[in-house]
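Examination of the molecular architecture
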Number of protein chains: 2
Amino acid sequence: MRKGRVTLKDIAVKLNLSPSTVSRALNDHPAIGDSTKKAVKRLAEVLDYQPNPMALGLLQKKSHTIGVIVPEITSHFFSAIITGIQDVVGPTQYNIMICISNESFEEEVTLVKKLSRMRVDGILVSPASGTKSFEHFQNLQKNEIPVVVFDRDCPGLDSDKVLVDDYSGAYQAVEYLIHSGCKKIAHLGGPLNLSTTKHRMQGYLDALEKNNMPIRKEYIQHVQGFSHNDGLKPAKKLLNQTDVPDAIFAINDNIATSAMHIAKKNGLRIPEDISIVGFDDEPHSTYFSPSLSTVWQPVYSMGMLSARILLKRLKDNNVAKNFREEIFKPELVVRASSK
Amino acid sequence: MRKGRVTLKDIAVKLNLSPSTVSRALNDHPAIGDSTKKAVKRLAEVLDYQPNPMALGLLQKKSHTIGVIVPEITSHFFSAIITGIQDVVGPTQYNIMICISNESFEEEVTLVKKLSRMRVDGILVSPASGTKSFEHFQNLQKNEIPVVVFDRDCPGLDSDKVLVDDYSGAYQAVEYLIHSGCKKIAHLGGPLNLSTTKHRMQGYLDALEKNNMPIRKEYIQHVQGFSHNDGLKPAKKLLNQTDVPDAIFAINDNIATSAMHIAKKNGLRIPEDISIVGFDDEPHSTYFSPSLSTVWQPVYSMGMLSARILLKRLKDNNVAKNFREEIFKPELVVRASSK
DNA sequence: TTGTAAGCGTTATCAA
DNA sequence: TTGATAACGCTTACAA
């Protein structure tokens with residue numbers, strides 16, 4: 001009695017009832033008398049009864065837990081998505097297990113296995129930049145664990161998806177640079193196999209082409225990761241050539257700051273000599289000098305929608321086989337780092 | 001058979017064994033024959049058997065889950081701590097459930113209840129800035145859930161603690177400002193009831209006093225939250241008075257950037273007219289212009305140690321009643337925002 | 001309106 | 001060396 005938590009049985013004994021009656025009373029079963037219901041609920045309250053989720057889970061073959069796999073949490077981008085997810089899932093019966101893959105395919109696979117072993121009811125995932133194959137996600141689906149992919153697409157994977165029109169965001173940014181008079185627009189692209197990298201790159205290329213601007217290979221560099229340091233070397237390559245670009249469209253805000261750093265170091269004035277545009281609209285980007293022009297994405301909404309789609313699927317017992325694909329529109333935000 | 005996951009029983013049936021034998025074989029019980037062990041393990045491998053953690057949890061009254069409560073995850077500070085925790089806990093049998101209180105006492109209480117209901121085996125927590133009472137943590141302890149507090153102290157709460165010598169960090173920073181010739185050193189403090197706020201403030205006050213500098217009330221302002229925007233108003237109050245400070249020691253890097261922002265706007269040169277020092281050493285602080293002087297904290301180590309202490313306690317069945325209190329030393333990092 | 005009993009998947013105890 | 005059984009806490013037919 002002193003040991004361990006209060007159980008249904010404890011309440012049953014104290015009230016001279018059977019555990020099943022207590023269970024039904026707490027679950028507002030119609031066949032239970034009002035007086036017993038009240039008595040049970042009162043005692044449960046007093047004893048601070050908390051149903052054991054493991055017993056429930058075992059019985060219902062559900063963990064009531066949703067796994068969330070993100071590449072990292074330091075950026076506002078992913079942490080805002082997580083906030084969106086939490087705000088939707090929080091009020092429900094589900095718990096969230098946040099896992100960080102550190103942009104590593106291997107860690108992602110490990111996490112997926114772990115979550116699968118845990119019997120999570122569903123998974124929200126934005127794949128690592130190193131992720132090229134999606135077997136691990138398909139294994140989840142084989143185990144009837146629904147997967148919702150967000151932000152970074154997994155081409156070929158049949159699942160619900162909540163994405164951003166990266167192509168449009170990039171196109172907007174580059175077309176704006178063109179219209180502002182830039183003639184030599186460079187691109188600092190992301191890790192090569194990411195869908196976001198590809199789509200933004202395509203937006204960049206198409207914007208140039210549609211505006212009859214030449215595509216110059218030496219104006220395209222790719223970073224290996226998304227942190228400031230990852231951008232320094234590629235930015236140097238871009239800015240240390242004889243025919244210096246007069247604009248850089250960067251894969252994200254961090255990399256844009258790498259470009260700003262190198263540009264300043266090389267004595268270039270921003271935006272007079274070179275315009276710089278990022279992607280993501282990280283909060284602190286506003287406070288750099290000059291403040292960074294960038295492409296905003298509806299991150300919070302993405303998180304919420306991803307969670308809602310998963311919850312709906314769980315509610316419907318994962319029967320619907322028609323997967324949803326939702327695509328959000330990003331928006332260019334012009335600040336002081338561009339003309 | 002087709003439905004649901006592979007269980008011990010499935011394996012047992014296929015091999016004409018009893019479930020208990022299979023269980024023992026998988027757990028390398030000495031009394032099981034080598035040949036059966038091999039057969040069982042092989043089949044388990046083939047069938048991709050994954051033990052059901054809920055069954056185990058029910059039996060052992062353990063969830064094998066550790067709850068982590070942090071006020072936010074956007075700062076490098078907390079996300080690095082989380083990384084430290086993950087790196088220690090990841091290789092063990094335990095899972096981590098990361099929860100974000102959004103600096104709100106109410107949300108923190110809700111999270112604690114949720115984790116308690118979940119039967120987490122232990123909790124690592126850094127309290128919200130709104131948290132003044134610690135009953136919710138004491139309730140956990142009553143339920144024999146060990147609590148390790150990190151970074152932000154809970155005065156009066158008996159538990160393991162992993163803290164930083166904020167006093168020393170602040171003292172170092174302010175004394176350095178004094179030695180560099182600043183005469184009018186202001187402080188942008190944090191939310192009032194946080195231990196970190198108090199200790200850094202005391203370090204600031206003592207450094208002034210020990211160096212025979214006057215303490216001027218009008219040079220002390222407090223922010224309500226830790227984001228850039230929270231710092232703008234207090235920074236204005238500090239910098240829009242007639243006798244403008246020639247140095248600001250800010251509670252963290254975000255707030256320091258608020259001060260930088262207002263200082264620049266007011267036409268002050270940094271560091272010629274005013275020195276600014278932050279706290280936390282956020283990675284992007286290096287890339288502001290001028291790069292920010294700040295106080296570094298061993299965040300990753302803090303996360304690792306907190307996790308290790310909790311794991312140790314779990315291993316020892318939470319018997320030891322002598323709580324550990326570990327205090328890390330922070331270090332001043334001088335960059336370009338100060339003389 | 002309430003109680004009984006079975007079962008979810010696993011391990012530990014006892015017996016064989 | 002292995003098997004049968006009970007137990008963990010809960011829900012749900014089925015019975016009363």
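About the cut-offs
- Residues numbered from 1 in each chain as written.
- Chains lettered and ligands numbered in written order.
- Predicted model: local features only at pLDDT ≥ 70, side-chain atom pairs only at ≥ 80, totals over all residues.
- Heavy atoms only, no water.
- Helix = DSSP H or I, 4+ residues; strand = E, 2+ residues; numbered from the N terminus.
- Rg over C-alpha atoms; globule rule 2.2 N^0.38 Å.
- Buried < 20%, exposed > 50% of the residue type's maximum accessible area, 1.4 Å probe, protein only.
- Contact = heavy atoms within 4.5 Å.
- Areas by Shrake-Rupley, 256 points an atom, 1.4 Å probe, with all protein chains shown as cover.
- Lys, Arg positive; Asp, Glu negative; His and termini not counted.
- Charge placed at Lys NZ, Arg CZ, Asp CG, Glu CD.
- Buried area = accessible area lost by both parts, 1.4 Å probe.
- Salt bridge = Lys/Arg side-chain N within 4 Å of Asp/Glu carboxyl O.
- Polar contact = N/O pair within 3.5 Å; in protein donor to acceptor, adjacent residues only side chain to side chain.
- Least-squares fit on C-alpha atoms with pLDDT ≥ 70 in both.
- Axes fitted to C-alpha atoms, helices over the stretch in contact; angles between N-to-C directions.
- Parallel < 35°, antiparallel > 145°, perpendicular 65-115°, else oblique.
- Nonpolar A, V, L, I, M, F, W, Y, C, P; charged D, E, K, R; others polar.
- Near = heavy atom within 4 Å.
- Phe/Tyr/Trp six-rings, centres within 6.5 Å; stacked < 30°, edge-to-face > 60°.
- Lys NZ or Arg CZ within 6 Å of the ring centre and 35° of its normal.
- UniProt positions renumbered as here; feature names shortened; annotations may be inferred.
- Pairing = 2+ DSSP bridges.
- Right-handed = clockwise from strand over helix to strand, strands pointing away.
- 1 Å grid on protein atoms, 1.4 Å probe; cavity = no way out; pocket = protein on both sides within 12 Å on 5 of 7 lines; lining within 4 Å.
- Points joined across faces, edges and corners; volume = space filled by probe spheres on them.

An unreviewed UniProt entry lists chain A under the name LacI family transcriptional regulator, from Flagellimonas oceani.

A count of helical and extended segments in chain A gives 12 helices and 12 strands. For chain A, whose C-alpha radius of gyration is 26 Å, the value lies well above the compact-globule estimate of 20 Å for 339 residues. Oriented by its inertia axes, the alpha-carbon framework of chain A measures out at about 90 × 40 × 30 Å. Scored against the burial criterion, the 339 residues of chain A give a buried share of 56%. Taking the contacts inside chain A whose residues are at least 6 apart along the sequence as the reference set, 72% of them involve residues at least 24 apart. Working note: accessible area of chain A is about 15,000 Å², and carbon and sulfur atoms make up 52% of it. Of note, chain A has its 42 positive side-chain charges centred 7 Å away from the centre of its 37 negative side-chain charges.

Moving on to the interface of chain A and chain B. Each partner contributes to the interface: chain A provides 41 residues, whereas chain B provides 41 residues. When chain A packs against chain B, the two sides together hide about 4,000 Å² of surface, and 57% of this comes from carbon and sulfur. When the buried surface of chain A facing chain B is broken down by residue, M54, R119 and Y287 of chain A rank first, second and third, together holding 19% of it. Along the contact surface separating chain A from chain B lie 0 salt bridges. Summed over the shared surface of chain A and chain B, the number is 14 residue pairs in polar contact (both at pLDDT 80 or more). Taken together, the elements giving at least two residues each to the side of chain A that touches chain B come down to α4 (53–60), α5 (76–89), β2 (95–100), α6 (105–117) and α10 (228–239) of chain A.

Here we take up the relation of the copies chain A and chain B. With an RMSD of 0.0 Å, the operation that places chain A on chain B is a rotation of 180° combined with a shift of 0.0 Å along the axis. Taken together, these values place the two copies in the relation of a two-fold axis.

All names here are of chain A. Under the criterion given, the structure shown has 28 salt bridges over all chains. Across the pair K161 and D153 runs a salt bridge, and its minimum N-O distance is 3.0 Å. D153 sits in the buried class, given a relative accessible area of 16%. The partner of K329 in a salt bridge is D165, and the shortest N-O contact between them spans 2.6 Å. Taken together, the residues K329 in the loop between β11 (325–328) and β12 (331–333) and D165 in the loop between β5 (160–164) and α8 (166–179) connect sequence positions 164 residues apart. Classification of K329 as exposed rests on a relative accessible area of 52%.

Now for the packing of α6 of chain A against helix α7 (residues 135–142) of chain A. Residue and element names in this part refer to chain A. Here α6 crosses α7 at 10°, and the two axes come no closer than 10 Å. It follows from the interaxial angle that α6 and α7 lie roughly parallel. In contact with F105, E108, V109, V112 and S116 of α6, α7 contributes H136, F137 and L140. Of the residues belonging to the contact of α6 with α7, the class tally is 5 nonpolar, 2 polar and 1 charged.

Looking at DNA strand C, there are 24 residues lining it, with S20, T21 and K61 of chain A together with S23 and Y49 of chain B nearest. When atoms of DNA strand C within 4 Å of the protein are sorted by moiety, sugar and phosphate together comprise 61%. Between DNA strand C and K61 of chain A, the relevant distance is 2.5 Å, taken from a phosphate oxygen to a side-chain nitrogen or oxygen of the residue. For the surface near DNA strand C, the residue count by class is 10 nonpolar, 11 polar and 3 charged.

Another aspect to go through is the packing of aromatic side chains. Following the criterion strictly, the structure yields 9 aromatic pairs over all chains and no others. Looking at R200 of chain A, its charged tip hangs above the ring of F279 of chain A, at a distance of 3.7 Å from the centre.

The next subject is the UniProt feature "domain: HTH lacI-type" (unreviewed entry) in chain A. Annotation from UniProt places "domain: HTH lacI-type" (unreviewed entry) at residues 6–60 of chain A. The distance separating the terminal C-alpha atoms of residues 6–60 of chain A is 21 Å; by composition the span is 69% helix and 0% strand.

Take the sheet that holds β5 of chain A next. Residue and element names in this part refer to chain A. Taken together, the 6 strands give an open sheet; going across it, the order is β2-β1-β3-β4-β5-β11, and neighbouring strands pair in parallel fashion. Each end of this open sheet is capped by a strand with a single partner; those strands are β2 and β11. Sheet twist, expressed as the average angle between the axes of neighbouring strands with direction ignored, equals 15°. Sheet analysis places strand β1 (residues 65–70) next to strand β3 (residues 122–125), joined by 4 bridges and oriented parallel.

All names here are of chain A. Both faces of strand β8 (residues 247–250) are covered, namely the face carrying A247 and F249 and the face carrying I248 and A250. Bridge analysis of β8 against strand β9 (residues 275–277) gives 3 bridges, and the strand direction is parallel. By the bridge assignment for β9, I248 is matched with I276. At this point the chain moves from β8, through helix α11 (residues 253–265), to the parallel β9, and the crossover so formed is right-handed.

Another point: the sheet that holds strand β2 (residues 95–100) of chain B. All names here are of chain B. The 6 strands lie next to each other as β2-β1-β3-β4-β5-β11, forming an open sheet whose pairing is parallel. Single-partner strands in this sheet number two, and they are β2 and β11 (325–328). With direction set aside, neighbouring strand axes in the sheet form an average angle of 15°.

We now examine empty space enclosed by the protein. All names here are of chain B. Here the structure, examined in full by the defined rule, presents 1 cavity of 30 Å³ or more. Around the largest cavity sit K183, K184, I185, Y204, L208, M213, P214, I215, R216 and Y219, which together line it. Residues belonging to the lining of the largest cavity are distributed by class as follows: 7 nonpolar, no polar and 3 charged.

We now examine the protein's contact with DNA strand D. Taken together, the neighbourhood of DNA strand D is formed by 24 residues, with L8, S23 and Y49 of chain A together with T21 and K61 of chain B sitting nearest. Taken together, the sugar and phosphate atoms account for 64% of what DNA strand D places within 4 Å of the protein. Within the side chain of S23 of chain A, an N or O atom sits 2.7 Å from a phosphate oxygen of DNA strand D. At 3.0 Å, a backbone N or O of G33 of chain B approaches a phosphate oxygen of DNA strand D. Those elements that provide at least two residues to the surface near DNA strand D are α2 (19–26) and α4 of chain A together with α2 (19–26) and α4 (53–60) of chain B. Residue classes in the surface near DNA strand D are distributed as 10 nonpolar, 11 polar and 3 charged.

Residues and elements named next belong to chain A. Counting buried positions over the 5 residues of strand β6 (residues 185–189) gives 5, a clear majority of the element. Of the two faces of β6, the one carrying I185, H187 and G189 and the one carrying A186 and L188 are both buried. Across 4 bridges, β6 lies against β8 in parallel orientation. Opposite L188, over in β8, you have A250 as the bridge partner. Pairing geometry for β6 and strand β7 (residues 220–222), over 3 bridges, is parallel.

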